[in-house]
Structure formats: structure tokens, C-alpha cells
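Residue-level listing of the chains:
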Amino acid sequence: MEVNPYERLWIGISVAALIVMLVALALAGFGLGVQLPGDAGTLDPRKLVEQPPFDKPGVYELAPEKYQVIMIARAWQFNPAKIEVPVGSEVTFRITSVDVTHGLLLDGTNVNVMIIPGQVSEMTHTFKKAGTYNFYCHEYCGTGHQAMFGQVIVAP
Ligand code: CUA
């Protein structure tokens, strides 16, 4: 079969573009850890405050340098809003909402999740650098939305 040289050229360019994009996707997913938050379960938001682990929000040390943050978002605050961990810690955020849809965006990390009532969102991040990381609600949730923020303080 005769293929026109220009057609052959464009087939080559198309295949090359496809390969570049697949490599970029693989690098983002496996190299940079860009991934969808895990499906960490569902619960009844009306009974949230009675249901473990959300009856006791806070920061829990599971093992040395391994922490779990049980977090509740509500209009218009995060609980806990101040999280302190030592540098090098792997922190898993387990978070849900009692009222409306909120968001959590943690500066300088890949932590960026929707917080949906009835749904538990989970994300893990390892804090390799000491410092203060601000987090915000990035989903408009009412008149106090801009006041909904907190900090992760990573101590050296
Ligand atoms: Cu919560 Cu915006």
C-alpha cells in the first residue's frame, strides 16, 4: 500500500505526541504522586459527631513519624485547625464535612480534596521540609468561606 510521505509524517507526529503524553501521565502519577484521593468510605453526616473516629477529631501518632489527622470541616472552620508534626512525618488526612461541601487545599503539597458530607476523603503527604503550611477551604461554602483556614506546622 502506498502511503503519502506527508501522511506518513503526520502519523509519526501523532504517535510521538501520544507517547509524550503517556510518559507525562506516568511521571505525574508515579513520580510526582499526582493521584485521585482514595475512596475512604461513607457515613451519615447527621450522626458524625457520635461515629468513631470522627467523634474525636485531632492528630494521632500511629507510629514514629506516622500520623493520622481526623478532621471535620464545618461552616466555617476546620477541626483541628492547627496541626503540629515533626519534619519527615507521613501524615494521612482523613476528613469529612458535617454540613455543606467544603474543600481542602494544602499549600506546597499535592493535598487538594473536596470534602463532601457523607463521604470520607483521605490523602497522605510526607512533610520532608520544616515550616508552616497553610491550608484553606477552596470551595465556596457561604458567607464565612474566606475565614476557613488552618496551618500544619512542621517542626525541625
Ligand atoms: Cu468551607 Cu469554603
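Residues numbered from 1 in each chain as written. Predicted model: local features only at pLDDT ≥ 70, side-chain atom pairs only at ≥ 80, totals over all residues. Heavy atoms only, no water.

## What about the overall build of the protein chain?
Tallying secondary structure elements over the protein chain gives 1 helix and 11 strands in all. Relative to the 2.2 N^0.38 estimate, which gives 15 Å for 156 residues, the radius of gyration of the protein chain is 21 Å and therefore markedly larger than a compact globule would have. Evaluated residue by residue, the protein chain yields a buried proportion of 31% over its 156 residues. Placing the 10 positive and 14 negative side-chain charges of the protein chain at their respective mean positions leaves the two points 4 Å apart. (Helix = DSSP H or I, 4+ residues; strand = E, 2+ residues; numbered from the N terminus. Rg over C-alpha atoms; globule rule 2.2 N^0.38 Å. Buried < 20%, exposed > 50% of the residue type's maximum accessible area, 1.4 Å probe, protein only. Lys, Arg positive; Asp, Glu negative; His and termini not counted. Charge placed at Lys NZ, Arg CZ, Asp CG, Glu CD.)

## Considerations on the packing of aromatic side chains
By the definition in use, this model includes 2 aromatic pairs. Each ring, one from Phe 78 and one from Phe 135, has its centre 5.1 Å from the other, and the planes form 80°; the classification is edge-to-face. On the criterion of sequence distance, the pair formed by Phe 78 in strand S4 (residues 77-79) and Phe 135 in strand S10 (residues 131-136) is long-range, its members being 57 residues apart. Ring centres of Phe 127 and Tyr 133 lie 4.9 Å apart, and the angle between their planes is 75°; this geometry places the pair in the edge-to-face category. (Phe/Tyr/Trp six-rings, centres within 6.5 Å; stacked < 30°, edge-to-face > 60°.)

## Section: the side chain of His 145
Its location among the elements puts His 145 in the loop between S10 and strand S11 (149-155). Residues in contact with His 145, not counting those within four places in the same chain, are Trp 76, Cys 137, His 138, Glu 139 and Tyr 140. (Contact = heavy atoms within 4.5 Å.)

## Brief notes about the sheet that holds strand S8 (residues 112-115)
Strand order in the open sheet made by the 5 strands is S5-S11-S10-S7-S8, with mixed pairing throughout. Of all strands in the sheet, those bounded by a partner on one side alone are strand S5 (82-86) and S8. The mean inter-strand angle of the sheet, taken between neighbouring strand axes irrespective of direction, is 20°. Here strand S7 (residues 102-106) runs beside S10; their pairing, made up of 2 bridges, is antiparallel. Along S10, the bridge assignment pairs Leu 105 with Tyr 136. (Pairing = 2+ DSSP bridges. Axes fitted to C-alpha atoms, helices over the stretch in contact; angles between N-to-C directions.)

## Quick notes on helix H1 (residues 5-31)
Look at H1: 37 Å from first C-alpha to last across 27 residues, which is about the 39 Å you get at 1.5 Å a residue. Structurally, the start of H1 carries an N-cap: the backbone nitrogen of Tyr 6 is 2.7 Å from a side-chain oxygen of Asn 4. Looking one or two residues past H1, Gly 33 carries a phi angle of roughly 70°, positive in sign. (Expected span 1.5 Å × (residues − 1). Polar contact = N/O pair within 3.5 Å; in protein donor to acceptor, adjacent residues only side chain to side chain.)

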